[in-house]
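Chain residues, written in single-letter form:
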Amino acid sequence: MPRNLFKLSAFAIALGFAAVAQAAPHGEVAAREMVHVATAFKGRMAGTAQEKAVADYLAGKFRAMGYQVVEQPFTSSFEYEKADKQKEKREVKSLNVIATKPGQDDKVVIVGAHFDSRTPKKDGDIGKIGGPGLEGLDDNASGVGMLLELADQLKSVKTKHTIKFVGFGAEELGLLGAKDYVARMTDTERSQLIAMVNMDSLITGDKMYFHAGKNTVAKDAKAGHARDRALAIAKKLGVAAGTNPGLNKEYPKGTGCCSDQEAFDEAGVPVLAVEATNWEIGDKDGYEQTTNKAIKDGMSWHRPDVDNVANLKRVFPNRVEERARDFSRVLTPLVIELAGGKVK
Ligand SMILES: [Zn+2]
């Protein structure tokens, strides 16, 4: 081999190795994984083989990035309503997936997203709400994709505090995975947990939002730190984002609702709820997601004919790629900062 060619190929090999350790451009992993999780694991209802399969997939991805991974099974229950309106308690066996990036002290930051899709909770829902045909691109393959994105972005970054990337099971049946996680924490572990960042439903909604927890900020305004920093970073980057404007008095300004972060907020852990929706329309409670008329009633939640890749990509061209990139640009430096690392 001529000397120059040898040098060239050695350089190419070195570049190749560098590329393995380096994070992909912002949003690349998230956009790909959101679509993959939605389509390859549709109907990932709590307690089913599909839910276990997506959990195993997530665990495998984390391991390949060099994280220590634990799959933590749990048994819980939910209330099911039969056609005659009778309610029955149903048992569900689900699991959480926990990937750890050890830090240098005992403080911990959790970044989480639920991987289950909606299970019908009454006979009347069957065939309409949730079920085996639901891809759940928005709710919540989008959060899972972003979880893998952040794990990729952070894999080679040194941080003072430990980061745990957690995929939660059975959120749709009442935050069961998050509740199990919180129940297992000792008082010491809870006091060492300085922030919990939760991502849920990032695509259909008109606007990107960052909220704090209702319970924790009511007691101490400092619990809104992660929200305030997320908004400041977004502003600096020119990424349009906001927080709940507080137009509905049940949902105080600057606080969010209705996903896994609530279990942590109730336990006194400062949280950041990351979502896309529109808090200025409908009942102003964040449930109506978009003014886009192609989405009936402005909501894609739990509807197999709406919350799927083909439909959302048709209604919102480039949305998946844009949201993946913009959330990554804001959340990557934010999580590094929360974990006491150096932001480049
Ligand atoms: Zn969700």
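Refer to the structure printed above.
Residue indices follow the written sequence of each chain, beginning from 1 at its first position. Note on the predicted model: pLDDT of at least 70 is required for a residue's local features to be given, and 80 or more for side-chain atom pairs to be given and counted; whole-chain, interface and lining totals, by contrast, use all residues. For the side-chain quantities, the full set of heavy atoms in the structure was used; hydrogens and water were omitted.

Draft legend 1. Spotlight on the overall build of the protein chain. The secondary structure listing takes helices from DSSP runs of H or I that are at least 4 residues long and strands from runs of E that are at least 2 residues long, numbered from the N terminus. A count of helices and strands for the protein chain gives 11 helices and eight strands. Against the globule reference of 20 Å for 344 residues, the protein chain gives a C-alpha radius of gyration of 20 Å, in line with a compact fold. Each principal axis of the C-alpha atoms in the protein chain carries an extent, and together these give about 80 × 45 × 40 Å. Residues count as neighbours in contact if any of their non-hydrogen atoms are within 4.5 Å of one another. A separation of at least 24 residues holds for 78% of the contacts in the protein chain among residues at least 6 apart in sequence. Computed by Shrake-Rupley with a 1.4 Å probe, the accessible areas treat only the displayed protein chains as cover when residues are assessed. Surface summary for the protein chain: the accessible area is close to 15500 Å², and the carbon and sulfur share equals 53%. For a compact globule the rule gives 2.2 Å times the number of residues to the power 0.38, and the radius of gyration it is set against comes from C-alpha atoms.

Draft legend 2. Focus on the pairing of strand β2 (residues 87–101). Judged from the 14 bridges that link them, strand β1 (residues 68–81) and β2 form a sheet pairing that is antiparallel. If you follow phenylalanine 74 over to β2, its bridge partner there is serine 94. At least two DSSP bridges between two strands are needed for those strands to be called paired. Hairpin remark: β1 followed by β2, antiparallel, with five residues in the connecting loop; positive phi at lysine 85, about 75 degrees. In terms of strand pairing, β2 meets strand β4 (residues 162–168) through five bridges, oriented antiparallel. Residue pairing for β4: valine 97 is matched across the bridge by glycine 167.

Draft legend 3. Local environment of the nonpolar core. We call a set of buried Ala, Val, Leu, Ile, Met, Phe, Trp, Tyr and Cys residues a nonpolar core when their side-chain atoms join them within 4.5 Å. Partly exposed residues are those whose accessible area sits between 20% and 50% of the maximum for their type, while under 20% is buried and over 50% is exposed, using a 1.4 Å probe and protein chains only. Among the nonpolar cores identified, the biggest contains 66 residues, and Phe62, Phe165 and Leu331 are the most heavily contacted of them. Each residue touching leucine 331, except ones within four places of it in the same chain, is listed here: Met146, Leu150, Met199, Phe210, Leu272 and Val274. With 15 residues, the next largest nonpolar core counts Ile110, Met185, Ala263 and Val271 among its residues.

Draft legend 4. A look at the coordination of the zinc ion. Here a donor is an N, O or S atom found within 2.8 Å of the metal, or within 3.2 Å if the metal is Na, K or Ca; sites may look incomplete because water is not among the atoms. Protein coordination at the zinc ion: the donors are His114 (NE2), Asp139 (OD), Asp200 (OD) and Asp200 (OD), at 2.0 to 2.5 Å from the metal. Because the angles between the four donor atoms bound to the zinc ion fall within 53 to 146 degrees, the donor set is best described as irregular. If you list the donors of the zinc ion from N- to C-terminus, the spacing comes out as H-x24-D-x60-D. In this pair, aspartate 139 is assigned in helix α4 (residues 137–154) and aspartate 200 in the loop between β5 (193–199) and β6 (207–211), connecting sequence segments 61 residues apart. Note on accessibility: aspartate 139 and aspartate 200 belong to one class, buried. Tetrahedral means four donors with every angle between 85 and 135 degrees, whereas square planar (four donors) and octahedral (six donors) require angles over 155 degrees between opposite donors and between 65 and 115 for all others; sites fitting neither are termed irregular.

Draft legend 5. Here's a closer look at the pattern of salt bridges. For this document, the term salt bridge refers to a Lys or Arg side-chain nitrogen within 4 Å of an Asp or Glu carboxyl oxygen. Evaluated as defined, the whole model comprises 18 salt bridges. Note that glutamate 91 is salt-bridged to lysine 93, the shortest N-O span being 3.8 Å. Per residue, the accessibility class of glutamate 91 equals that of lysine 93, and both read exposed. Across the pair arginine 227 and aspartate 228 runs a salt bridge, and its minimum N-O distance is 2.9 Å. Assessed through its relative accessible area of 14%, arginine 227 is described here as buried. The class for aspartate 228 is partly exposed, based on a relative accessible area of 38%. Through salt bridges that share partners, Lys52, Asp56 and Glu71 make up one connected network.

Draft legend 6. Inspection of helix α8 (residues 225–237) at higher detail. Here the expected length of a helix is defined as 1.5 Å per residue gap, with one fewer gap than residues. Between its first and last C-alpha atoms α8 spans 18 Å; for 13 residues at 1.5 Å apiece the expected length is 18 Å, and the two agree. Residues of α8 that are buried in the fold lie against β6, β7 (241–242), β8 (271–277) and α11 (319–338). The positive-phi residue at the C-terminal boundary of α8 is glycine 238, with phi of around 75 degrees.

Draft legend 7. Representation of the sheet that holds β7. An order of β1-β2-β4-β3-β5-β8-β6-β7 is seen for the eight strands of this open sheet, with the pairing classed as mixed. Strands with a single pairing partner mark the edges of an open sheet, and in this sheet they are β1 and β7. Those strands touched by α4 are β2, β3 (108–114), β4 and β5, and its axis lies near 145 degrees from that of β3. Where helices are involved, their axes are fitted lines through C-alpha atoms of the stretch in contact, as for all axes, and angles between N-to-C directions lie from 0 to 180°. Strands β6, β7 and β8 of the sheet are contacted by α8, whose axis makes an angle of about 145 degrees with β6.

Remember that the coordinates give geometry; whether it matters functionally is a separate question.
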